Amino acid sequence: QVQLVESGGGLVQAGGSLRLSCAASGRTAGSYAMGWFRQVPGKEREFVAAISWAGGYTVYADSVKGRLTISRDNAKSTVYLQMNSLKPEDTAVYYCAAGPLVASISREYEYWGQGTQVTVSS
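Just so it is clear, the model here is predicted, and its values are computed rather than measured.

## Some words on the sheet that holds strand 7 (residues 68-73)
- Spatial ordering of the open sheet is given by 1-3-8-7, a layout of four strands whose pairing is antiparallel. Edge positions in the sheet fall to strand 1 (3-7) and strand 7, since each has one partner strand and no second. Ignoring strand direction, the axes of neighbouring strands in this sheet form an average angle of 15 degrees.
- Sheet analysis places strand 1 next to strand 3 (residues 18-25), joined by five bridges and oriented antiparallel. By the bridge assignment, glutamine 3 is partnered in strand 3 with serine 25.

## Overview of the environment of serine 31
- Structurally, serine 31 is set in the loop between strand 3 and strand 4 (33-39).
- Linking serine 31 and isoleucine 70, residues 39 residues apart in sequence, is a C-alpha distance of 16 Å.

## Here we look at the pattern of salt bridges
- Tallied over the entire structure, the rule returns four salt bridges.
- Across the salt bridge formed by arginine 38 and aspartate 90, the nearest N and O atoms sit 2.9 Å from each other. On the criterion of sequence distance, the pair formed by arginine 38 in strand 4 and aspartate 90 in the loop between strand 8 (78-83) and strand 9 (92-99) is long-range, its members being 52 residues apart. You'll find arginine 38 and aspartate 90 in the same group, each marked buried.

## Quick word on the state of the cysteines
- Overall, the coordinates contain one disulfide when judged by the stated rule.
- Across a sulfur-sulfur distance of 2.0 Å, cysteine 22 and cysteine 96 are joined as a disulfide pair. Taking the torsion about the S-S bond as the criterion, the cysteine 22 to cysteine 96 disulfide, at about 55 degrees, is right-handed. With a gap of 74 residues between them, cysteine 22 in strand 3 and cysteine 96 in strand 9 connect regions that are remote in the sequence.

## Regarding the packing of aromatic side chains
- With the rule as written, the count across this model stands at five aromatic pairs.
- Taking 5.1 Å as the distance between ring centres and 55 degrees as the angle between the ring planes, the aromatic pair formed by phenylalanine 37 and tryptophan 112 counts as tilted. Here phenylalanine 37 is found in strand 4, whereas its partner tryptophan 112 is found in strand 10 (residues 111-112), with 75 residues between them in sequence.
- Relative to tryptophan 112, the ring of tyrosine 109 has its centre 6.2 Å away and its plane inclined at 65 degrees; by these criteria the two rings are edge-to-face.
- In this structure tyrosine 109 comes out as buried when scored by relative accessible area, which is 5%.
- The partly exposed category is assigned to tryptophan 112, whose relative accessible area is 28%.

Thresholds applied
- Residues numbered from 1 in each chain as written.
- Predicted model: local features only at pLDDT ≥ 70, side-chain atom pairs only at ≥ 80, totals over all residues.
- Heavy atoms only, no water.
- Pairing = 2+ DSSP bridges.
- Helix = DSSP H or I, 4+ residues; strand = E, 2+ residues; numbered from the N terminus.
- Axes fitted to C-alpha atoms, helices over the stretch in contact; angles between N-to-C directions.
- Salt bridge = Lys/Arg side-chain N within 4 Å of Asp/Glu carboxyl O.
- Buried < 20%, exposed > 50% of the residue type's maximum accessible area, 1.4 Å probe, protein only.
- Disulfide = S-S within 2.5 Å.
- Phe/Tyr/Trp six-rings, centres within 6.5 Å; stacked < 30°, edge-to-face > 60°.

This is the structure we're talking about:
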């Protein structure tokens, strides 16, 4: 069993930055690939970025390439999402997830956090 807790969300102006964190706990937390997804009311959960368990392989949605960066520190059992040049359309609840492989499909992930709200004002 893996528990995930996100933090770092908040309100920021367009063009600003935020860094989200996802703290993982559990015996095998460091052996999972990790992903970030986001969701707005009335829409399906959307893939944002994912990283392999060792951190050497990353994948991004086209909409965030060059602005958002995923990274992990396995010594701290934490995954980060550095968000730069934020846009109002980045407003959503952001979720981290853990799964066996890097994937852009939500059903490939086994464990989910509770989410953290990011709001970007224009």
